[in-house]
Amino acid sequence: MSGSRITAVGHYQPARVLTNEDLAGMVDTSDAWITSRVGIRTRHIAGPDEPVDELAAHAAAKALAAAGRTPAEIDLVLVATSTAIDRSPNMAARVAARLGMPGPAVMDINVVCAGFTHALATADHAVRAGGARRALVIGADKMSEVTDWTDRTTCVLVGDGAGAAVVEATEECAGGAEGAGAGIGPVLWGSVPEMGNAVRIEGTPPRFAQEGQSVYRWATTRLPEFARQACEKAGLTPEDLAAVVLHQANLRIVEPLARRLGAVNAVVARDVVDSGNTSAASIPLAFSKLVEQGAVSAGDPVLLFGFGGNLSYAGQVVRCP
């Protein structure tokens, strides 16, 4: 059985930037109100002619170029998204068509904000089982399309974007404490089904809504232990981490969660300040930026941990490409 590793990452954001001052002209809010409550200053918003699969394809193309791979070399495409309006063709198939791939397996994964880490684990499992040799894992969401722009409690949060990772087989297998030495460590995942309505995208047309206080309490009290368990599965402690990339939900969630995890030596991704909450895109987007900025080095252990919709969570330690 082979292992798997991330060989490259890439990200994409639409050109339009929406500032807090812009939002103050749309709803009853202010820059001070937004930054004090969620820590967000700007977000990128896609236009009506920029569908989810276009955002995803741009990020995927960058990841492929960084990996030195052609689209034809990919045999599995997984797109994590919860904002695909059409049911078929799915986003993965549309991305494959945009990139000119000859015939990969194509699947969408909808676990909302935890989607990318679920998709990454799925790709890792497929490679380990021999079902794929090279996979393209993408998180992409157009949250602006499912947002009520008259609701100041939600519209101040969201942004659009995509991030992608190329996952390839490696002969370096997991060992030790479940995953020591693996390029992609074992996943720790689960959910709280009875609290699933705390984060919703539903209705016609679909609209994003959440019970903010419930999500905040759950994330800041329950998730630190889950994140530590993900480190243990990889045979590491939080102190060993070079970086922590949490779902970029809200700076008031990201910072306390990182502190309680105890990753005292790690760079903590704070891309939510500039990008807002981009749902499934937030982790690969923030991770790709850390790599691009040189904030982490090849081989560094990085915790990726997604949480949110369905009150689902999934996390794993990966080695930086």
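Conventions adopted
Residues numbered from 1 in each chain as written. Predicted model: local features only at pLDDT ≥ 70, side-chain atom pairs only at ≥ 80, totals over all residues. Heavy atoms only, no water. Phe/Tyr/Trp six-rings, centres within 6.5 Å; stacked < 30°, edge-to-face > 60°. Helix = DSSP H or I, 4+ residues; strand = E, 2+ residues; numbered from the N terminus. Buried < 20%, exposed > 50% of the residue type's maximum accessible area, 1.4 Å probe, protein only. Lys NZ or Arg CZ within 6 Å of the ring centre and 35° of its normal. pLDDT = per-residue confidence, 0-100. Contact = heavy atoms within 4.5 Å. Axes fitted to C-alpha atoms, helices over the stretch in contact; angles between N-to-C directions. Left-handed = near helix turned anticlockwise from the far one by under 90°. Nonpolar A, V, L, I, M, F, W, Y, C, P; charged D, E, K, R; others polar.

It is worth spelling out the packing of aromatic side chains at this point. In the structure shown here, the tally under the stated rule is two aromatic pairs. An angle of 10 degrees between the planes, with centres 4.2 Å apart, marks the rings of Phe-226 and Tyr-313 as stacked. Here Tyr-313 lies in strand S14 (residues 312–319) and Phe-226 lies in helix H7 (residues 212–233), a separation of 87 residues in the sequence. On the basis of relative accessible area, Phe-226 is assigned to the buried category, the value being 11%. The class for Tyr-313 is buried, based on a relative accessible area of 9%. With centroids separated by 6.5 Å and ring planes inclined at 5 degrees, the aromatic side chains of Phe-305 and Tyr-313 adopt a geometry described as stacked. A residue is classified by how much of its surface remains accessible, and Phe-305, at 0% relative accessible area, is buried. Ring-pair connections join several aromatic residues into one group, and the members of that group are Phe-226, Phe-305 and Tyr-313. Taking the ring centre of Trp-33 as reference, the NZ or CZ of Arg-152 above it sits at 4.4 Å. Against the face of Tyr-216 rests Arg-252, its NZ or CZ located 5.1 Å from the ring centre.

All right, on to the confidence of the model for the protein then. Taken as a whole, the protein shows an average pLDDT of 95; of its residues, 96% reach a score of 70 or greater. Within the model, the stretch residues 173–181 combines pLDDT values under 50 with 20 contacts to residues more than four positions away or in other chains.

Each pair of packed helices gets described by two things: the angle between the helix axes and the distance between those axes. Taken N-terminus to C-terminus, the directions of H7 and helix H8 (residues 251–261) make an angle of 35 degrees; their axes are 9 Å apart at the nearest point. Once H7 is placed against H8, the crossing between them reads as right-handed. Facing H7, whose interface residues are Tyr-216, Ala-219, Thr-220, Thr-221, Leu-223, Pro-224, Ala-227 and Arg-228, H8 presents Arg-252, Ile-253, Pro-256, Leu-257, Arg-260 and Leu-261. The residue inventory of the contact of H7 with H8, partitioned by class, reads nine nonpolar, two polar and three charged.

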